[in-house]
Amino acid sequence: MNARQATARTAPDARGGAIPTHARDNAAGPSAAVPPTIEVRGLSKTYRSKREGTVLALDDISFTVEEGEFVCIVGPSGCGKSTLLKILAGIVAHSVGTVAVRGKPPSDAQNRLGLVFQAPVLLPWRTVLQNTLLPAQVLGLDPKAAEARAHDLLRMVGLEQFASSYPNELSGGMQQRCSITRALLHDPSILLMDEPFGALDAMTRDTMNLELQRIWRESGKTIFLITHSIPEAVFLADRVLVMSARPGRIVEEIKVDLPRPRDLDTMSEPAFAEAVRHIRGLFGIGGKERPHVD
Ligand SMILES: Nc1ncnc2c1ncn2[C@@H]1O[C@H](COP(=O)(O)OP(=O)(O)OP(=O)(O)O)[C@@H](O)[C@H]1O
């Protein structure tokens, strides 16, 4: 395991034969300068709150995410992870620094982004198929093509038989799978995921991790995922960004060299345990209050 402060851009690990479908986004040819998929430089975010006055949530954050990479971010509760994801999604404005998604401001990249949050937030009066189709209406996609794609996606996540079920007829894991199909409907090249499996039981979470790895390998998407679980981050990621307590800074980037595809046995490997131990050690340094990470 190579734990280090990464300075060079890291190419994604081999994902087992998948051909990134989003190569087309960079179709200018090998000699053209391709901007990183996500580039954050010197980013800070200050909130104003009645109770605390000025709150420095993020402080001088810099990192890049390359095309097709799977990057996870871990950090103590309140360190600014969700704030960072919302800035990348163009939902929240940053205060200082630069943020670019494929070389442009996040607000210009909306149709390339798919968002998944901790709660599936499905509309209870719409079926699984209708929930999956929501972005088609919002983005004005061709209804027939969108419906065909929705069925493909539901098949991919094992929900095809539940296309006409309502959210309250599904388990938590099934609802979250539906929220993933909704996020994928418009074929975004980048998935931003905020603790997507945090509310699930351990077994369902393992299954969802395997499923997400498969989706990533088959689709070639770039994934940026927040988690409180250090083992989950190590299991999924090409690189793990470790954040400090508030104000959130990136204290270390850890490249995960474990071969793909990973399965549950991967978690028994010494290199996996070493990476988890290393990250846990980062949170224990200096006798500070133990952060809420698993
Ligand atoms: N709209 C807001 N106004 C004021 N302060 C905010 C606002 N949103 C977030 N904060 C503060 O910014 C800090 C970072 O919040 P954020 O939700 O990004 O952290 P987090 O790392 O995602 O937390 P958790 O892991 O608990 O979900 C916190 O101290 C929070 O109280």
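Residues numbered from 1 in each chain as written. Predicted model: local features only at pLDDT ≥ 70, side-chain atom pairs only at ≥ 80, totals over all residues. Heavy atoms only, no water.

Named according to an unreviewed UniProt entry, the protein chain is NitT/TauT family transport system ATP-binding protein originating from Aquabacter spiritensis.

This part is about the confidence of the model for the protein chain. For the protein chain, the average pLDDT comes to 86, and 86% of its residues sit at 70 or higher. Highest mean pLDDT in the protein chain belongs to strand S4 (residues 70-74) (98); lowest belongs to strand S1 (residues 2-4) (38). Every residue in residues 1-13 is under pLDDT 50, and counting partners more than four places away or in other chains gives 39 contacts. Low pLDDT, under 50, characterises residues 285-289; the predicted model gives this stretch 0 contacts beyond four residues in sequence or across chains. (pLDDT = per-residue confidence, 0-100. Helix = DSSP H or I, 4+ residues; strand = E, 2+ residues; numbered from the N terminus. Contact = heavy atoms within 4.5 Å.)

To continue, consider the side chain of Glu-211. Mapping Glu-211 onto the fold places it in helix H6 (residues 202-219). Buried within the structure, Glu-211 lacks any salt-bridge partner; Arg-177 is the closest side chain of opposite charge, at an N-O distance of 4.0 Å. The residues contacting Glu-211, other than those within four sequence positions of it, are Val-157 and Arg-177. (Buried < 20%, exposed > 50% of the residue type's maximum accessible area, 1.4 Å probe, protein only. Lys, Arg positive; Asp, Glu negative; His and termini not counted. Salt bridge = Lys/Arg side-chain N within 4 Å of Asp/Glu carboxyl O.)

Turning next to the packing of aromatic side chains. For any pair of aromatic rings, geometry is given as the distance between the ring centres together with the angle between the planes. One pass over the structure, following the stated rule, counts 2 aromatic pairs. When the centroid spacing of 5.6 Å and the interplanar angle of 10 degrees are considered together, the rings of Phe-63 and Phe-224 count as stacked. One end of the pair, Phe-63, is in strand S3 (residues 53-65); the other, Phe-224, is in strand S8 (residues 222-226), with 161 residues separating them in the sequence. Since its relative accessible area comes to 2%, Phe-63 is described here as buried. (Phe/Tyr/Trp six-rings, centres within 6.5 Å; stacked < 30°, edge-to-face > 60°.)

So, about the nonpolar core. Generally speaking, nonpolar side chains in soluble globular proteins are found buried as a group. Counting 49 residues, the largest nonpolar core has Val-234 and Ile-279 as the members making the most contacts within it. Contacts of Val-234, omitting those with residues within four sequence positions, involve Val-240, Val-256, Leu-258, Arg-262, Phe-272, Ala-275, Val-276 and Ile-279. In terms of nonpolar packing, the next biggest core, distinct from the first, is built from 27 residues, Val-40, Leu-85, Leu-88 and Ala-109 among them. (Core = buried A, V, L, I, M, F, W, Y, C linked by side-chain atoms within 4.5 Å.)

Taken as a whole and assessed by the stated rule, the structure comprises 16 salt bridges. Here Glu-52 and Arg-51 are joined by a salt bridge, their closest N and O atoms 3.6 Å apart. A residue is classified by how much of its surface remains accessible, and Glu-52, at 39% relative accessible area, is partly exposed. Exposure remark for Arg-51: the relative accessible area of 74% places this residue in the exposed category. A salt bridge links Arg-239 to Glu-253, with the nearest nitrogen and oxygen atoms 2.6 Å apart.

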